[in-house]
Amino acid sequence: MTLRKACFLLLAAACLAVPLGMVGMHEWALTHGQAFNFPLQIVDPADPFRGRYLALNFKYSTAAVPEGMAVRPGVEAYALVQEDGDGMSHFTELRQEPPADQPYIKVKVRRILKDGRADLKTPLDRFYLNERLAPAAEKAYARALRQDKREAWAVVRLWRGMAVLEDVMVEGTHLLQFAREAAATN
Amino acid sequence: MDEEKPVKAKHARWLLAELPAWEAEGLLSPGQAEALRLRYVPAAGGRNWATTLFFIAGLLVAGLGIVLILAHNWEELSRPLRAALALAPFLPALGLGYFALWKRPESPLFREGAGALLATAVAASIALVGQTYQFPGDEWSYLRTCLILIIPSAYVLRSAAAAVAAFLCLIAMTSTLSPGQGHHLQFYLLLAATLGYLFLVSRTNRHGAQAAVLSWAAALCLAFTLNAVVGPYRARLTSTFLFAAMVCLGRTRFSGAPDFWRRGFEIVGGCGIVLGMLIFDSIGGKPLDWSTVLRLSPADMWSVGTAGALLALAVLLWLDGLRAHDAVAGLFGAAWLAEIAAQTIWSSSGDQDWVIVIHSIYHLVLGAGLVWTGTRAHSLGRVNVGSLILIILVLFRFFDQDFSFVARGVAFLAAGAGFILLHLWARRRLGDAS
């Protein structure tokens, strides 16, 4: 076998290994990770659906900065996650190194607020939705959140800092189901 | 014996058809005829590449059709099944790659098809996995992952199509490359790896179709991406340095190309110099502050380093062109000097009109120089390019000023008539000379 053919076989293995590795890691997190519910906030009620996905914005996306920790916009850090009594979760404080004994998400600091807390950008900024359902569900979703004051939250599985978005719920209904019902009534 | 000189295929066919008659008439000896057959070979490309391009287009359209069919009922499928189907695009791509390397190693058709299909499969597969598991909208990470798989496929399959796909990914990275964003080292490594394939191909056959296609892709990629790295403040300077370097590179390292379309670096560089300076004059802006341009803060290091490297490259290649007595390289390559002079005078005087004056003088010298040297070298094409530059200069300047429609109409008529007369004069003079 020539060198080129051997390299092709290595390349083929790499091409399959990369997506398989991504699938494996995310499936592991979804299967073995701990579930947390993060309340969502609608940013642009006129257009919560952009193209084929829903743009997500966490309602509580800030965390305290411990004294002595140097942070600036663009820096990566680890945000500790804590569950409230009502089943929702929020960020508590930032760390420079991943903690060993608490759930956390790897985040990026967007800006430092006046009260000293850090506004965070999480790796969970979109939820893909079929384009057929999106137009009909768009209006129903915006109406549900603004007029009916319904709560929406993201179900996130955390495993060693890796955050995988499992689902988006609207008042206990899966968003996909909610979108199908909205499409059926429109 | 002298090295081979690739010529257009139709010229090679004409020569081969004429040689027996010349031998029969005693104009050439058999040895001389054989020497000519060996010297003038048909340049690779043309019909073969048209077939390859259609083959690639057909594969890509079929592949996209499969993806669309899958996408129709995507959300009805379970997540594990979606993940498995995300790998499906690799099957035909790797299958064709295996066939190309094991069964048809000398056929560019299958190698190029495999390269194009594999690049598409990589992009589609990672996107489908991302959609299944709700990956964040991190364009940089997605493109970097694609490039890490696509670049090696260009080398392994010897596929220009895969290398072109890599250049397109690098161009798509432009939005993630502003100064201070922190991806520059990785970007430069990926760019160097992709350019390395062009370097390898040009060492084997710098006038071949692969080298020609890749030089176009590389020239356009560099034009888009390097200006994003340096940022808008320094782009006025560095774009001129880059385009000047491209023209000189094309004239010194890729000289002798039999067809005009094979001169990607020259054409992109030349258009960039001529149009870039004039468009920047129209846009206007603030004068450059040299202390800011040369500032070496951490956020500016990559920007300043890139600008410095491009200047060094432009100067070195220009000197190469001058040593080779190449008038075209000498004229276009001097653009870096004109730009530095223009920006310096504007910066010290505060009057942007100086930039317009210096750019106009440069274009005048460039156009007139090309006309004059083209006449001496009996190159009608060069004469036409020179006079076209002069016309473009006239058009831009008259668009800039507040002249009436009548005045502009007269100026354009004069410019057009001048171009036609110059062209006719050049044709007559070059015809008389030959």
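Per chain, residue numbering runs from 1 following the sequence as it is written. Throughout, the order in which chains and ligands are written sets their labels, letters from A for the former and numbers from 1 for the latter. In keeping with the predicted nature of the model, local features appear solely for residues at pLDDT of at least 70, side-chain atom pairs appear and are counted solely at 80 or more, and the whole-chain, interface and lining totals rest on all residues. The side-chain values count all of the structure's non-hydrogen atoms but skip hydrogen atoms and water molecules.

S.K.: Please clarify how the overall build of chain B should be interpreted in this entry.
M.R.: In DSSP terms, a helix is any run of H or I states spanning at least four residues, a strand is any run of E spanning at least two, and both are numbered starting from the N terminus. Counting secondary structure elements, chain B contains 18 helices and 2 strands. For chain B, the spread of C-alpha atoms along the three principal axes comes to 75 × 70 × 45 Å. In this scheme, a residue with accessible area under 20% of its type's maximum is buried, one over 50% is exposed, and one in between is partly exposed, where area comes from a 1.4 Å probe on protein chains only. Taken across its 434 residues, chain B has 46% of its residues classed as buried. Carbon together with sulfur atoms contributes 69% to the accessible area of chain B, which is approximately 21000 Å² in total. For chain B, the centre of its 32 positive side-chain charges and the centre of its 26 negative side-chain charges are spaced 4 Å apart. Surface exposure here means Shrake-Rupley accessible area, sampled with a 1.4 Å probe, where a residue is shielded only by the protein chains that are shown. Neither His nor the chain ends is counted toward charge; the positive residues are Lys and Arg and the negative residues Asp and Glu. To locate a charge, take NZ of a lysine, CZ of an arginine, CG of an aspartate or CD of a glutamate.

S.K.: Explain the pairing of strand E11 (residues 162-170) of chain A here, please?
M.R.: All names here are of chain A. Counting buried residues along E11, 8 of its 9 residues qualify, which places the element largely inside the surrounding structure. With 8 bridges connecting them, strand E10 (residues 152-159) and E11 associate as antiparallel partners. Pairing of Val156 across the sheet is with Leu165, part of E11. Two strands pair under a simple rule: DSSP has to find at least two bridges between them. Between E10 and E11, which pair antiparallel one after the other, the connecting turn spans 2 residues, and Arg160 there sits at a positive phi close to 50 degrees. Note: E11 against strand E12 (residues 173-174), 2 bridges, orientation antiparallel. Each residue of the ladder has a partner; that of Val170, found in E12, is Thr173. Taking the residues that link successive antiparallel strands as the turn, the E11-E12 hairpin has 2 residues, and the phi of Glu171 there is positive, at about 50 degrees.

S.K.: How do you make sense of unusual backbone geometry when you look at a structure like this?
M.R.: Residues and elements named next belong to chain B. You will see that Gln134, though not glycine, has its phi angle at about 55 degrees, which is positive. Position of Gln134 relative to the elements: it lies in the loop between helix H6 (108-132) and helix H7 (139-157). For Arg158, which is not glycine, the phi torsion reads 50 degrees and is therefore positive. Tracing the backbone shows Arg158 in the loop between H7 and helix H8 (160-172). Using a relative accessible area of 27% as the deciding quantity, one classes Arg158 as partly exposed.

S.K.: Hey, could you run me through the confidence of the model for chain B in this one?
M.R.: Caution is warranted with low-pLDDT regions, since their predicted coordinates should not be read in detail. pLDDT runs from 0 to 100 and stands for how confident the predictor is about each residue. Confidence along chain B averages 85 in pLDDT terms, with 91% of residues attaining 70 or more. What the predictor reports for the complex is a pTM of 0.83 with an ipTM of 0.83.

S.K.: Could you clarify how one ought to interpret the interface of chain B and chain A in this entry?
M.R.: The parts lose accessible area when they come together, and the size of an interface is often stated as this lost area. Note on contacts: a residue pair is in contact if any heavy atoms of the two residues lie within 4.5 Å. Contacts between chain B and chain A engage 33 residues on the former and 30 residues on the latter. One speaks of a salt bridge when a side-chain nitrogen belonging to Lys or Arg is within 4 Å of a carboxyl oxygen belonging to Asp or Glu. Linking chain B with chain A are 1 salt bridge, by the criterion used here. Among the salt bridges present, the one from Glu27(A) reaches Arg79(B), with a minimum N-O distance of 2.9 Å. N or O atoms closer than or at 3.5 Å make up a polar contact, with two conditions inside protein: a donor-capable atom paired with an acceptor-capable one, and, for residues adjacent in sequence, both atoms drawn from side chains. On inspection of chain B and its partner chain A, the count reaches 5 residue pairs in polar contact (both at pLDDT 80 or more). If you list the elements that add at least two residues to the side of chain B that touches chain A, you get helix H3 (47-72), helix H4 (79-86), helix H5 (90-102), H6 and H7 of chain B. Gly falls in the polar group here, along with every residue not listed as nonpolar (Ala, Val, Leu, Ile, Met, Phe, Trp, Tyr, Cys, Pro) or charged (Asp, Glu, Lys, Arg). Among the residues making up the side of chain B that touches chain A, the classes are represented as 20 nonpolar, 9 polar and 4 charged.

S.K.: What should I look at first to understand the packing of aromatic side chains in this one?
M.R.: Think of a pair of aromatic rings as described by two things: how far the centres are apart, and how the planes are tilted against each other in angle. Aromatic rings from Phe, Tyr and Trp, with only the six-membered ring used for Trp, were paired whenever their centres fell within 6.5 Å, and each pair was classed as stacked if the ring planes differed by under 30 degrees, edge-to-face if by over 60, and tilted otherwise. The full count for this structure, using the stated rule, is 14 aromatic pairs over all chains. Relative to Trp159(A), the ring of Trp28(A) lies with its centre 6.0 Å away and its plane at 70 degrees, an arrangement referred to as edge-to-face. Of this pair, Trp28(A) sits in helix H1 (residues 3-32) while Trp159(A) sits in strand E10; the two residues are 131 residues apart in sequence, bridging distant segments of the chain. Arranged with centres 6.4 Å apart and planes meeting at 10 degrees, the rings of Phe58(A) and Phe91(A) form a pair that is stacked. A residue pair is termed long-range when its members are at least 10 positions apart, and Phe58(A) in the loop between strand E3 (53-55) and strand E4 (62-63) and Phe91(A) in strand E6 (residues 89-95) qualify at 33 residues. You'll find Phe58(A) and Phe91(A) in the same group, each marked buried. By the ring-pair criterion, three or more aromatic residues cluster together here, those being Phe8(A), Tyr98(B) and Trp102(B).

S.K.: Even after reading the chapter, I still don't get the sheet that holds strand E7 (residues 104-112) of chain A, so can you show me in this structure?
M.R.: Strand pairs in the sheet, formed through backbone hydrogen bonds, run parallel or antiparallel to each other. Residue and element names in this part refer to chain A. The strand order E4-E8-E7-E5-E6 describes an open sheet built from 5 strands, whose pairing is antiparallel. Each having just a single partner strand, E4 and E6 make up the two edges of the open sheet. Bridge analysis of E7 against strand E8 (residues 118-121) gives 4 bridges, and the strand direction is antiparallel. Looking at E8, one finds that Lys108 is bridged to Lys121.

S.K.: Help me understand the environment of Gly264(B), please; the structure alone is not making it clear to me.
M.R.: Residue and element names in this part refer to chain B. Position of Gly264 among the secondary structure elements: in helix H11 (residues 264-283). For the pair formed by Gly264 and Ser215, sequence separation is 49 residues and the distance between their alpha carbons is 5.3 Å. Those residues within four positions of Gly264 in sequence are excluded, and the remaining contacts are Ser215, Trp216 and Ala219.

S.K.: Got a minute to help me understand H7(B) in this structure?
M.R.: Because each turn of an α-helix spans 3.6 residues, side chains separated by three or four positions end up pointing in the same direction. Between the first and last residue of a helix there are one fewer steps than residues, each counted as 1.5 Å, and that sum is the expected span. Between its terminal C-alpha atoms H7(B) stretches 27 Å, which fits the 27 Å expected from 19 residues at 1.5 Å a residue. The largest bend in H7(B) comes to about 25 degrees, at Leu147(B). In the core, the buried residues of H7(B) are packed alongside H1 of chain A together with H5, H6, H8 and helix H9 (184-205) of chain B. Note on H7(B): the residue one or two positions beyond its end, Arg158(B), has a positive phi of about 50 degrees. The seven residues ending at a residue and the seven starting there each receive a fitted axis; the angle between those axes is the bend at that residue.

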